[in-house]
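# Breakdown of the fold
The chain contents come next:
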Amino acid sequence: MSEYIKIIFPDDTDREFAKRSTPSDIAEQISRKLSQQAIVAKFNDRMVDMNRPLDSDGRIVFYTADDPEGLDTYWHSTSHVMAHAIKKLFPEANFGFGPAIDHGFYYDVEVGRTLTPEDLEKIEKVMQEIIDSDKPFKRRVVTRDEAIELFSERNEKFKLEHIQTLEGELSVYGEGDFIDLCSGPHLVSTKQIKYFKLLNISGAYWKGDESNPMLQRIYGISFPKKSQLDDYLHKLEEARKRDHRRLGKELDLFSINETVGAGLILWHPNGALIRKLIEDFWKDEHLKAGYELVNTPHIARLNLWEVSGHLDFYSESMFKPNEMDNVQYQIKPMNCPFHLAIYKSRTRSYRELPIRWAELGTVYRYERSGVLHGLLRVRGFTQDDAHIFCRPDQLEDEILRCLNFNTYILKTFGFENYDVYLSTRPDNYVGTVENWDKATEALKSALEKLGLAYSIDPGEGVFYGPKIDIKIKDVLDRAWQCTTIQVDFNEPERFDITYRGQDGHDQRPIMVHRALMGSLERFFGVLIENYGGAFPVWLSPVQVILLPITDSHLEHAEILRERLVDSGIRVKLDDRSEKIGYKIRDAEMQKIPYMCIIGDKEIAEATISVRKRKEGDLGSFNVQDFIDRVTHEISTKQIT
RNA sequence: GCCACCAUAGCUCAGCAGGUAGAGCGCCUCACUUGUAAUGAGGUGGCCGCGGGUUCGAUUCCUGCUGGUGGCUCCA
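Definitions and limits used
Residues numbered from 1 in each chain as written. Chains lettered and ligands numbered in written order. Predicted model: local features only at pLDDT ≥ 70, side-chain atom pairs only at ≥ 80, totals over all residues. Heavy atoms only, no water. Buried < 20%, exposed > 50% of the residue type's maximum accessible area, 1.4 Å probe, protein only. Helix = DSSP H or I, 4+ residues; strand = E, 2+ residues; numbered from the N terminus. Arc of directions from axis to C-beta. Contact = heavy atoms within 4.5 Å. Core = buried A, V, L, I, M, F, W, Y, C linked by side-chain atoms within 4.5 Å. Domains from an automatic or database assignment. Buried area = accessible area lost by both parts, 1.4 Å probe. Salt bridge = Lys/Arg side-chain N within 4 Å of Asp/Glu carboxyl O. Nonpolar A, V, L, I, M, F, W, Y, C, P; charged D, E, K, R; others polar.

For helix α1 (residues 23-30), every residue scored as buried is listed here: Pro23, Ile26 and Ala27. Taken end-on, α1 shows its buried residues confined to a sector of 100°, consistent with a single buried face. On its buried face, α1 sits against β1 (4-8), β2 (14-18), α2 (32-37), β3 (40-43), β4 (46-48) and β5 (58-63).

As structure tokens, then:
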């Protein structure tokens, strides 16, 4: 047996090290910086602790706190320290799962009573003591029996339950007198955790199952540098400032009224104007893109939903039907059955396909009370819906068109980064495997032709067909689910829609459901957060506000106002007897893009002083030049 | 729906160990006539979310409901 092992580095160079060298040893011999910064390593595609002795040749990659892998370990170790602290304060505590997540970590725990924010402070204090005591994280491989004995002693009922479901090698990690079932990897010592904060407490079902007991979930975050923690907390604060519910109030865009009902949106004039602009744009572009617009009722006989199959699958999410003249009527949760009914209104020829019908269709769905959230999750909303009926040979091309069209529409609102998901056949499905495979291939092929990177959500398709979901990324890099493109084998079947083929026989068309913005409510919410309420000029309810210095300039300002109105600009005149600083502050807070100051100087020179929202004074403008500038920004839908 | 928390003026929030309430902003009036993010003074404004209970007395304590917040579950 060799005394040495050969380690290959990411740049394909290799070096020999003494057998049972640890990643720490290896990093130390490469560079001091690396040994200080590396948190965890990957050895032959397995994540390993920095102090894990290596016995064989292999490839190694080091990760620091700048890598997702490094942070993942950092956060996971912090969650162990948190659990340790909780155990010290609540010896009876029972632990569920405690993983690292996208931003930070959590641990699910049962402690016998409700935790309060004061408890979090106490836990933080004990965590700091554990960190300061510089306890090494120790890994130990255990047999199943040992593990069961270990956690029986500790009365860890959830861990014991979890052990039953685990296969293969079991390991535990301990630091100090705390021990936890865990596959790792971990930091070398608690001391490596520098800056952390516990953020909030909430409920979470054990193993995410509604029928299981609810544990208390504590969320937290940690970083090696104070600046990182500060940045993170600052970002949370930024997100809070952009909260569409807050801005909706401040900018008088929309409201939700208890008496009207939860999850039902009242669009105020400012919001309704923005909605009109979005709708106009949407309709115009759809007509240009080869869609036709249709309109359908808000309710229909219950029978329609029996035919569509929604009653079987989704009645829990539907409002209860209404009975009139012995007929049951259902408020619509979807638009598609109506479009199918239009399709069926006469025979269709293969020459007509593809048929693309679009509708801003308002639907109502019963969402459970706990999930409602501002504009983002509501009970009544308007889908920017369309249904495409096409021949099988047209499917891929139609998907391609949808994707391209979607990119164009979203780009207009400033969204250019996406996460794309392809959801494949679930266990519970209708149609033939062959059709599913063909449709999935068509979706895949379209994505690949466009060079769109996507990930596959296996088995996450809807029961009636595979789908593409697109999450748009906003300026804070948060992802929002909006676009969905779904192939449907079910409804054409259920409604028995056909087209007369070239051969004279009736064929079954394929149906594609698609929504680009998702719903106007949700999209509006995302827009508000993305722009932080500072809408681009083309979407701003008020585009220009005129601010006369004193009352004596009012008359001139009124003439200017009319001139701007005639140019198609949405303009307001602040005619209050206030100081100019006050009027500017007010306009800034209303996030009006342009402020025009009018005083003696401007009247004498026939100019206006222009101030741009957030940027400040732009100087003196010839009135026509200013009008040209603004109308150009509007017509080109400029983003900033 | 579940766990926890919350609900006081249009908004943000204070207060009450149980004796029917207060600030700032807003709004209105007046004065000021103002030059790039808050002029001053005065005034207006509240069934303390809704119902029930305990109590001599409830905005305050208990309870049900409604609505909201953070998550969980769900999201055709």
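Our focus in this paragraph is the nonpolar core. One finds Phe413, Ile468, Leu539, Val544 and Phe626 to be the most contacted residues of the largest nonpolar core, which totals 83 residues. The biggest single contributor to this core is helix α13 (residues 395-412), with eight residues. Two domains share this core, each providing at least three of its residues, namely domain 3 (254-296 + 335-529) and domain 4 (537-635). Core analysis: the second largest hydrophobic core is formed by 38 residues, Ile86, Ala93, Leu115 and Phe196 among them.

Each domain of chain A was delimited in the assignment, giving domain 1 (4-63), domain 2 (73-239), domain 3 (254-296 + 335-529) and domain 4 (537-635). Between the C-alpha centres of domain 1 and domain 2 the distance comes to 27 Å. With nine residues of domain 1 at the interface, the matching set in domain 2 holds nine residues. Buried area between domain 1 and domain 2, both sides added, is near 740 Å², and the carbon and sulfur share of it is 54%. Counting across the domain 1 and domain 2 interface gives zero salt bridges. Classifying every residue of the side of domain 1 that touches domain 2 by side-chain character gives five nonpolar, one polar and three charged.

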